Amino acid sequence: MIEVLESHSEYQYVSGKQPFAFCWASRRIIMYVKNISSAYFANEDITRAQLPKRSHFDMIKNDKDALFVFLGYDSFNDVFVTWSPEDVKPRINTKANVSFYSRRETQEKAKATSGIAVGYLKDGAKYVAGVLSALPEYLSNIDHYFPSQDKIEDGVDSLCSLVAQKYKCSNSILKAVEEVLNRYPNYSPSEIAEIIRKYL
C-alpha cells in the first residue's frame, strides 16, 4: 500500500507508521489501516473493519485540519474499503472497538473491475472499495466520493427545487421524491418530501 502511494508525486510522507500522516497534493491526511474480516452476522456477505480505542487517537480526533482516512484491507481480494472521513472521525475512541461495515460483493466487484466500486448498506451508509492501484485516484477524488454534509444539503435542496417545478403541474410528489432519492439514497422519503413541499 505504501509503495503505491510513494510512486505518486502528490504523496509526501510526514510522520508515523500506524497511523501515519502524509500530504496528498498539499492536503494533510492521517491514515489508519486495519484488516477486514467477517462481521459474523447471519448474512455472510457483511464484512467489517474495527477501529480500536487508543489514547493517542484523541490527538487525531481533535485535529481540525487533518483528514482522517480509515482503510479496511481485504487481503483475499487485495482491495481496500473506506468510509466517509466526516462520519468516521467523530466516532474515534467512542468505545473499545468501533465497527465499520462493508459487503463482500462490493469488494469482489472492485477486484473484478480493477477499479473502484461504491456500495451502500441497508441503513443507507455509503462505503467505497477499490483495488490498491486505485488508492491514488480515490485520494485525489475523496470529496467526490464523500462530499461534506454542507455540500450534500445544498445539493439536495437545489435538486428538490428543480424537481418540484418539474412535477408541479402533475402534482406528483411521489415521482419527485423518487427522483431525488435516486441521487441521494441516504435521505428518507419523508425528509425529501418535506424539502420538496417548500417549493410547491
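Residues numbered from 1 in each chain as written. Predicted model: local features only at pLDDT ≥ 70, side-chain atom pairs only at ≥ 80, totals over all residues. Heavy atoms only, no water.

Undergrad: I keep staring at the sheet that holds strand E4 (residues 37-38) and nothing clicks. Help me out?
TA: Backbone hydrogen bonds hold the strands of a sheet together, and the pairing may be parallel or antiparallel. Pairing in this open sheet of 3 strands is antiparallel, and the strands run E4-E5-E8 from one edge to the other. If you trace the sheet from one side to the other, it starts and ends with E4 and strand E8 (97-103), each paired once. Looking at chain direction, strand E5 (residues 46-52) and E8 are connected through 7 bridges and run antiparallel. Residue pairing for E8: Ile46 is matched across the bridge by Arg103. Its contacts with the sheet place helix H4 (residues 104-113) against E4, E5 and E8, and it is angled at close to 60° to E8. (Pairing = 2+ DSSP bridges. Helix = DSSP H or I, 4+ residues; strand = E, 2+ residues; numbered from the N terminus. Contact = heavy atoms within 4.5 Å. Axes fitted to C-alpha atoms, helices over the stretch in contact; angles between N-to-C directions.)

Undergrad: Explanation requested: the layout of surface pockets in the structure shown.
TA: The gaps left among the atoms become clear once a water-sized probe is rolled over them. If you add up the space inside the second largest pocket, you get close to 230 Å³. Contributing to the lining of the second largest pocket are 16 residues, with Arg27, Leu67, Pro85, Glu86 and Asp143 lying nearest its centre. Put simply, the parts of the chain that give the lining of the second largest pocket at least two residues each are strand E3 (27-35), strand E6 (67-74), helix H3 (85-88) and helix H6 (142-145). Residues belonging to the lining of the second largest pocket are distributed by class as follows: 7 nonpolar, 2 polar and 7 charged. (1 Å grid on protein atoms, 1.4 Å probe; cavity = no way out; pocket = protein on both sides within 12 Å on 5 of 7 lines; lining within 4 Å. Points joined across faces, edges and corners; volume = space filled by probe spheres on them. Nonpolar A, V, L, I, M, F, W, Y, C, P; charged D, E, K, R; others polar.)

Undergrad: Is there a simple way to explain the nonpolar core in this structure?
TA: Within soluble globular proteins, side chains that are nonpolar tend to cluster in buried spots. Core analysis: the biggest nonpolar cluster contains 25 residues, and Leu51, Phe68, Phe70, Trp83, Val88 and Phe100 have the highest contact counts within it. Every element with two or more residues in this core is listed here: E3, E5, helix H2 (57-62), E6, strand E7 (79-83), E8 and strand E10 (126-131). Residues contacting Phe100, with those up to four places away along its chain left out, are Thr47, Arg48, Ala49, Leu51, Phe70, Trp83, Val88 and Arg91. (Core = buried A, V, L, I, M, F, W, Y, C linked by side-chain atoms within 4.5 Å. Buried < 20%, exposed > 50% of the residue type's maximum accessible area, 1.4 Å probe, protein only.)

Undergrad: What am I meant to see in the environment of Ser37 here?
TA: Its location among the elements puts Ser37 in strand E4. Taking the C-alpha atoms as reference, Ser37 lies 6.6 Å from Ala49; in sequence the two are 12 residues apart. Not counting residues within four places of it along the chain, the set of residues in contact with Ser37 comprises Thr47 and Arg48.

Undergrad: Is there a simple way to explain the sheet that holds E7 in this structure?
TA: With mixed pairing, 7 strands are arranged side by side in an open sheet as E1-E2-E3-E6-E7-E10-E9. At either margin of the open sheet sits one strand with a lone partner, and together these are strand E1 (11-16) and strand E9 (116-120). Averaged over neighbouring strand pairs, the angle between their axes works out to 30° when direction is ignored. Pairing between E1 and strand E2 (residues 20-24): 5 bridges, direction antiparallel. The residue of E2 that forms the bridge with Tyr11 is Trp24. Sheet strands in contact with H4 are E6, E7, E9 and E10, and its direction is about 35° off that of E10.

Undergrad: Whenever I open this one, helix H8 (residues 173-183) confuses me. Can you help?
TA: An α-helical segment advances 3.6 residues per turn. Residues three or four places apart therefore align on the same side. Those residues of H8 not exposed but buried are Ala176, Val177 and Val180. One side of H8 holds all its buried residues, which, seen down the axis, span an arc of 95°. Opposite the buried face of H8, by more than 90 degrees, sit the exposed residues Leu174, Lys175, Glu178 and Asn182. (Arc of directions from axis to C-beta.)

Just geometry here; none of it tells us what the structure is for.
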